[in-house]
Amino acid sequence: MGPYSFVQSGTNKLKRKPWLMLPLLALSISACGGGGDTTAVPDPSGSDKPPVIAPPIVTPPVENPPPVQELPEPELETLPDVKAAALPKAGAPSLPPPPASLRIPDSVLTMAVAQPLSVVSVTSSGDENENNTAAKAADADLTSRWESAWGDEVSDADNAWLQFDFGVKTAVGKMTLHWENAHAAEYAIYISDDAQNWYQLRYVVDSKGKTEEFFNLNMYARYLRIQGISRKTQYGYSLFEAEFAAPDSTNSMPELNTSAITFPLNGSGRIPLPAPVKPIEMVRFTLADGTLVTRFGMVGRSRHARERGEDWNEIGFGVNDTVDPAGKPLDKGPGAHLNFVANYFKNRTWGVEFIDNSNVAGVTEPRIVVNQYYQQAQKGGGHSFVRRFDEPGVTGFGWMSPGDLLDDSTYQDPGAACPVVAKPVNGVLLRPDSGYNGVIGANDGCSVVFDRYPGHRALSANADGVLVPNGSSVDPRVLRKGDVIEFTGSFFSTREAMDAIGDNGAFRYYTNELTYVMGQGLRPWYGVQPRLMNEPLPEHTLQGGLGSVSYDYADNSTFIFQQPHNTIGMQNMQRFMEGRRWLHTNLWTGEHNEDGNDRNDAGRQLQGPRFNQSSCFNCHVNNGRSVAPTVRNQKLDTMAVRVGATGTDANGHYLPHPIYGQALQMNARSVETGALQNWGNAAWVADFVSRNVSLADGTQVELRKATVAFEGPEPEVYSVRQAQPLIGMGLLEAISDETILSRVRSTPDADGVLGTANYAYDPETAEVRLGRYGWKGSKVSIRHQVTNAALLDMAVTSSVYPKQACLAGPQDCDSATAEPGLPDEAVTAMTQYLHLLAVPAQRSVISGFPKGVSPLAYLDVDPAKIAAGEKVFKDIRCVACHVSEVKTSARSEFDEVRNQTIKPYTDLLLHDMGPELADNFSEGLATGSMWRTPALWGIGYTQFVAGGTPAGYLHDGRARTLTEAILWHGGEAEVIKNRFVNLPTAEREALLAFLNSL
């Protein structure tokens, strides 16, 4: 049912409009297919069984209701396609990289202009016929071609190869392949000096064929072989021509002018991040008389919070597609509540203000005055309160919708009668004295007053155990302090109003559903009986404080890490959406990764020639982790590979690599044409090494990690790191330095746990600050993290790192010759988005799903088991590093994250995790075996957020399960890890249930 309706609720203080209820309720029911009136509830399946007749709702008489024009349903936005990179074929061979003897030595002169190279002979594993022979692939004729054998007599046509012999050991800088339509979809490039011992130079997955260029081959060998892995078509591999060129300045990597990266060796002179006195926007404040004012932002959504992709109703009240005939869970697809409508950043956010006088002394009949602040003119009445919990035929949606629209004509008007109202300043009402029509605080006739909990039908269990109306009614009553109120808004504009602001998109949207507690404010919620009725979540579940994301009943778990704080401010919602747009922008094309969104022209062609990914979202899959190492030959370009020429020295310096700089940038494109190129700077999974660990109950656990190879020269030191989840970063920045430093130890505790702070120089001020972000705590702020990742992972500059040369160190990283990059307003938008990105509430309480409806997997929980697991977590002292509770300070510019009690399960300190997790890459006080404790909040959502993309745990994604992750712990965690190993089965499973609830 659409939230565009009001039900009369009676009061002695305000004039009521009893006609307003029924036509609007009928409109809403007809629009969404549910509701509660005196008519038969239809069976959505269309069967011939008799309808269930619902008892009547007691309503006031209808007095000449005006005609109501039916409004269109919001457009149902489809979910964005998962654009995950293709993985290599499982079981394909992975050869070692070439040794130094097959790399171009320094003694070989690199030409100023590349000279073409000729081959002596070409051979193959087999040709399809005598015409299209191997020699045709190197005859300088783009009309002739080689065709591999593929007929019926060929047992494995995919395993064909083509081999080039240069006659002598030859320095090769570039190769160009010209494919016919029947090209290799996946193939490897091998080199050898004897045609017996082969080494892997490149590996290609998801080839598009046509013309493919390979630069920076760095090959010094006699033979090159193209080894097929899989064909694009049913025919053989078909290659028109292969061309080769000697190394020159245009096809080979230059040596960089590197300079040392410096870290402070202690916290001497530490300066905390700036702490503004007042927040950028106040989300809640109290007036002098005790009136509570709550302001929050909303954004357009295309469906309600409890709608899923299938029909679901109580037993006997309509079709239920959530279970199969055997009663097993069955899922027909997600709903569309947490995803983002097209152009969500453009005129699709608005603000809502609740003025609640339940705390005012002497008020016996409290009320909420509701004002809304849109970016365009609207129809009046876009509010709904209190879901239809007394109607078993309306399980996913439907509202009772009490409240008084102060000027009914704003709804009846065929246009958009509610004008744009400027948002008020912090701490002040727009109309604190005059109000509207005697209602103090109301902005205009589009405001609404809610002062009565609606009357409804009393419920009793029927033979199926379903709570159904029993023929009695519960009378409406005045609101009371502490009442739990469900609320949703709506976006009801007109085509003309949208056109007037130059927006040709939709003009009707649903939005978030919120829970408000009279006298307290907004609270994250979950659904209880009857029928997922809103209830504030218990405080112990609020991992991200009052901004925690409520439970998700729309089956949108892939979006759970993409939500704003529950308490997000009116204007901050727009900031959040603009920042989200930047994180989803391809910084070469300007295109959004979700279809239907306008191109971000300010984000076009900002990227340098070599990079890992073109948007933040490509590494942080759905704002979660990067793609885990899963299969041999997998390129690790959604992960970060930090490299150096040496480890950190005694003065806290390390030198970037002379070819790669501070990080591998594994993909490339021509800056002139934008065409993708292969420059051979990737790291890939060469193989896996494993060992088994026995748990106390005999369970065997295989621990596996990838071995890494490099297409180019192997760096002296390197560290493979997966992207971490982005949730809660603003909350972590709001923790005071003093709170973090209070946990630092100079001597180990009884279990051997220390805790060391890392420090870094703020790249903009050169001031020493406490490290908070990054796997080794080497980034001091969200802004530092964003701009550093933009440069190292996406080759995008900013005012913080103004040149591509910053990759090689600070020496040439000056702003005097800054290169085009992220505008400052984009950096601000991205950091604000991350400040406001929320943490899901812990899933440790049972949801009140309608009887017969299958719970979603991530909401099907065992509270007793989870509670027992939390006790084990504490008893074996996982909390020595994964600190379960902390209070944020008032230092943030965002009110949403100030003074919140949160449960991040991190101390933000460094701990020595032992040699098996060591990467030998040091950053400041973080040695090669030291890692910053990662936050655990949201960890139970890891696989759901990944949406089918392989996701792992620990810094390099090696752990496939939480059990594996724990068993890799060593060093300071060795004693605690061994306690886990020795747990009884039931306690171990309880601990894992607890972690999966986070």
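Scroll up to find the structure this text is about.
Residues numbered from 1 in each chain as written. Predicted model: local features only at pLDDT ≥ 70, side-chain atom pairs only at ≥ 80, totals over all residues. Heavy atoms only, no water.

Q: I would appreciate a short explanation of the overall build of the protein chain in the present structure.
A: Of the regular secondary structure elements, the protein chain holds 14 helices and 45 strands. Taken over the C-alpha trace, the protein chain has a radius of gyration of 32 Å; the compact-globule value for 998 residues is 30 Å, and the two agree within 12%. By its C-alpha atoms, the protein chain is 100 × 70 × 65 Å across when sized along the principal axes. By residue count, 61% of the 998 residues in the protein chain fall in the buried class. In the protein chain, of all internal contacts separated by at least 6 residues, the share reaching a separation of at least 24 is 73%. In the structure as shown, the protein chain presents an accessible area of about 37,100 Å², 51% of it carried by carbon and sulfur atoms. For the protein chain, the separation between the mean place of its 85 positive charges and that of its 113 negative charges on side chains is 5 Å. (Helix = DSSP H or I, 4+ residues; strand = E, 2+ residues; numbered from the N terminus. Rg over C-alpha atoms; globule rule 2.2 N^0.38 Å. Buried < 20%, exposed > 50% of the residue type's maximum accessible area, 1.4 Å probe, protein only. Contact = heavy atoms within 4.5 Å. Areas by Shrake-Rupley, 256 points an atom, 1.4 Å probe, with all protein chains shown as cover. Lys, Arg positive; Asp, Glu negative; His and termini not counted. Charge placed at Lys NZ, Arg CZ, Asp CG, Glu CD.)

Q: Hey, could you run me through empty space enclosed by the protein in this one?
A: Summary: where empty space remains is shown by rolling a probe the size of a single water molecule over the atoms. In total, this model carries ten cavities of 30 Å³ or more according to the counting rule given. Space inside the largest cavity adds up to approximately 260 Å³. Along the wall of the largest cavity there are 20 residues; nearest its centre are Leu338, Asn512, Glu513, Val549 and Asn566. Residue composition of the lining of the largest cavity, grouped by class: nine nonpolar, eight polar and three charged. Empty space within the second largest cavity amounts to approximately 150 Å³. Together, 18 residues line the second largest cavity, and Gln372, Tyr374, Cys418, Pro419 and Cys446 are the ones closest to its centre. Considering every element that reaches the lining of the second largest cavity, the biggest residue donor is strand β17 (residues 368-373), with three residues. (1 Å grid on protein atoms, 1.4 Å probe; cavity = no way out; pocket = protein on both sides within 12 Å on 5 of 7 lines; lining within 4 Å. Points joined across faces, edges and corners; volume = space filled by probe spheres on them. Nonpolar A, V, L, I, M, F, W, Y, C, P; charged D, E, K, R; others polar.)

Q: Would you take a moment to explain the side chain of Ser238 for this structure?
A: With respect to the helices and strands, the residue Ser238 is situated in strand β12 (residues 238-245). You can call Ser238 buried: its relative accessible area is 1%.

Q: Any chance you could explain the sheet that holds strand β9 (residues 199-204) here in plain terms?
A: On the basis of which strands lie adjacent, the open sheet formed by five strands has the order β4-β6-β11-β8-β9 and antiparallel pairing. Unpaired on one side and paired on the other, β4 (121-124) and β9 mark the two borders of the sheet. On average, adjacent strands in this sheet sit at an angle of 25 degrees to one another, irrespective of strand direction. Here five bridges tie strand β8 (residues 184-192) to β9, and the two strands are oriented antiparallel to one another. Among the inter-strand pairings, Tyr187 is bridged to a residue of β9, identified as Val204. (Pairing = 2+ DSSP bridges. Axes fitted to C-alpha atoms, helices over the stretch in contact; angles between N-to-C directions.)

Q: Where do I start with the packing of aromatic side chains in this structure?
A: Where two aromatic rings form a pair, the distance of their centres and the angle of their planes describe that pair. This model, assessed by the stated rule, comprises 34 aromatic pairs. Taking 5.2 Å as the distance between ring centres and 85 degrees as the angle between the ring planes, the aromatic pair formed by Phe296 and Phe354 counts as edge-to-face. Here Phe354 lies in strand β16 (residues 349-356) and Phe296 lies in strand β15 (residues 292-299), a separation of 58 residues in the sequence. Judged by relative accessible area, Phe296 falls into the buried class, the value being 1%. (Phe/Tyr/Trp six-rings, centres within 6.5 Å; stacked < 30°, edge-to-face > 60°.)

Q: Is there a simple way to think about the pairing of strand β25 (residues 484-489) in this case?
A: On a regular strand, one side chain projects to one face of the sheet and the next to the other, so that they alternate. Taking burial as the measure, the six residues of β25 include five buried ones, the bulk of the element. Pairing of strand β18 (residues 383-385) with β25, which is carried by three bridges, proceeds in the antiparallel orientation. The residue bridging Ser384 from the neighbouring strand is Thr488, located in β25. In this sheet, strand β28 (residues 513-517) lies alongside β25 in antiparallel orientation, the contact comprising five bridges. Residue pairing for β28: Glu486 is matched across the bridge by Thr515.

Q: Teacher, can you tell me more about the sheet that holds strand β36 (residues 676-677) here?
A: Adjacent strands of a sheet pair through backbone hydrogen bonds, lying either parallel or antiparallel. Strands sit in the order β32-β35-β36 across an open sheet of three strands; the sheet is antiparallel. Of all the strands in the sheet, the pair left with one neighbour each is β32 (610-611) and β36. Examined bridge by bridge, strand β35 (residues 667-669) and β36 share two bridges and lie antiparallel to one another. Paired with Ala668 across the bridge in β36 is Gln677.

Q: In this structure, what is going on with the pattern of salt bridges? I would like to understand it.
A: Pairing is possible between side chains that carry opposite charge, provided their charged atoms lie close to one another. Applying the stated criterion to the full structure yields 43 salt bridges. In this structure, the salt-bridge partner of Asp483 is Arg477, at a minimum N-O distance of 2.9 Å. Under the relative-accessibility criterion, Asp483 is labelled buried at 9%. (Salt bridge = Lys/Arg side-chain N within 4 Å of Asp/Glu carboxyl O.)

Q: Help me understand unusual backbone geometry in this model?
A: Among all residues save glycine, negative phi is the norm, and among peptide bonds the norm is trans. Look at the link from Gln529 to Pro530: it is a cis peptide, with omega at 5 degrees. Positive phi is not limited to glycine here, since Val386 has a value of about 70 degrees. The topology assignment puts Val386 in the loop between β18 and β19 (404-405). For Arg877, which is not glycine, the phi dihedral falls at a positive 75 degrees. Looking at where Arg877 falls in the secondary structure, it is placed in the loop between α10 (863-875) and β42 (886-887).

Q: I'm lost on helix α13 (residues 974-981) in this one. Help?
A: Every buried residue of α13 is listed here: Ile976, Lys977, Phe980 and Val981. Burial along α13 is one-sided: seen end-on, the buried residues are contained in an arc of 150 degrees. (Arc of directions from axis to C-beta.)

Q: Looking at this model, I keep getting lost on the packing of helix α4 (residues 570-583) against helix α9 (residues 824-835). Mind explaining?
A: What describes two packed helices is the angle between their axes and the distance between those same axes. At their nearest, the axes of α4 and α9 sit 7 Å apart, and the two run at 110 degrees to each other. What the angle tells us is that α4 and α9 run roughly perpendicular. Of the two elements, α4 crosses α9, and the hand of that crossing is left-handed. When α4 is examined against α9, the residues Arg575, Phe576, Glu578, Gly579, Arg580, Trp582 and Leu583 are found in contact with a partner set consisting of Ala826, Ala829, Met830, Gln832, Tyr833 and Leu834. (Parallel < 35°, antiparallel > 145°, perpendicular 65-115°, else oblique. Left-handed = near helix turned anticlockwise from the far one by under 90°.)

Q: Please explain the nonpolar core as it appears in this structure.
A: Generally speaking, a soluble globular protein has its nonpolar side chains buried in company with each other. Phe354, Leu822 and Leu834 are the most contacted members of the largest nonpolar core, which has 105 residues in total. Element by element, the count of residues in this core is highest for α9, at six residues. The residues contacting Leu822, other than those within four sequence positions of it, are Trp582, Leu587, Leu606, Ala790, Val796, Thr797, Ser798, Val827 and Met830. Ranked by size, the runner-up nonpolar core spans 38 residues in total, among them Val693, Tyr953, Ile966 and Ala973. (Core = buried A, V, L, I, M, F, W, Y, C linked by side-chain atoms within 4.5 Å.)

Q: It is not clear to me how the state of the cysteines should be interpreted in this structure. Could you clarify?
A: By definition, a disulfide links two cysteine residues through a covalent bond between their sulfur atoms. According to the stated counting rule, one finds two disulfides in the structure shown. Here Cys418 engages in a disulfide with Cys446; their sulfurs sit 1.9 Å apart. Because the torsion about its S-S bond is -105 degrees, the bridge between Cys418 and Cys446 counts as left-handed. You can see Cys418 sitting in the loop between α2 (409-412) and β20 (448-450) and its partner Cys446 sitting in the loop between α2 and β20, a full 28 residues away along the chain. Judged by its relative accessible area of 7%, Cys418 falls in the buried class. Residue Cys446 is classed as buried on the basis of its relative accessible area, which comes to 14%. There is a disulfide in this structure between Cys806 and Cys813, and the S-S distance comes to 1.9 Å. Disulfide Cys806-Cys813: torsion about the S-S bond near 85 degrees, hence right-handed. The connectivity of the disulfides in the protein chain is 1-2, 3-4, where the numbers refer to bonded cysteines in sequence order. (Disulfide = S-S within 2.5 Å.)

Q: Would you explain the environment of His456 in this entry?
A: Its location among the elements puts His456 in strand β22 (residues 456-461). Accessibility expressed as a relative area gives 13% for His456, which makes it buried. Here His456 is in contact with Phe389, Asp390, Met400, Ser473 and Val474, once residues within four sequence places are set aside.

Q: For this particular structure, what's the right way to read α4?
A: Residues that lie three or four places apart on an α-helix share one face, since the helix turns once every 3.6 residues. With 14 residues, α4 should reach 20 Å at 1.5 Å per residue; the first-to-last C-alpha distance of 21 Å fits that figure. Burial within α4 is extensive, with eleven of its 14 residues counted as buried. Inspection of α4 places Met570, Asn572, Met573, Gln574, Phe576, Met577, Gly579, Arg580, Arg581, Trp582 and Leu583 among the buried residues, and these make up the whole buried set. Looking at the packing, one finds that the buried side of α4 touches β15, β16, β17, α5 (616-619) and α9. (Expected span 1.5 Å × (residues − 1).)

Q: I keep staring at the environment of Tyr553 and nothing clicks. Help me out?
A: For Tyr553, the location among the structural elements is in the loop between β31 (533-536) and α4. You can call Tyr553 buried: its relative accessible area is 1%. For Tyr553 and His337, which are 216 residues apart along the polypeptide, the C-alpha to C-alpha distance reads 8.9 Å. With residues up to four places along the chain from it excluded, the contact list for Tyr553 reads Ala305, Arg306, Glu307, Arg308, Trp525, Tyr526, Gly527, Leu532, Ser847, Phe849, Leu856 and Leu859.

Q: In this structure, what is going on with the pairing of β8? I would like to understand it.
A: Burial within β8 is extensive, with nine of its nine residues counted as buried. Relative to strand β11 (residues 219-231), β8 runs antiparallel, the two being bridged by eight bridges. From the neighbouring strand, Tyr187 faces β11, where its bridge partner is Gly228. With antiparallel pairing between neighbouring strands as the criterion, β8 and β9 make up a hairpin whose turn holds six residues, including Ala195 at a positive phi of roughly 60 degrees.

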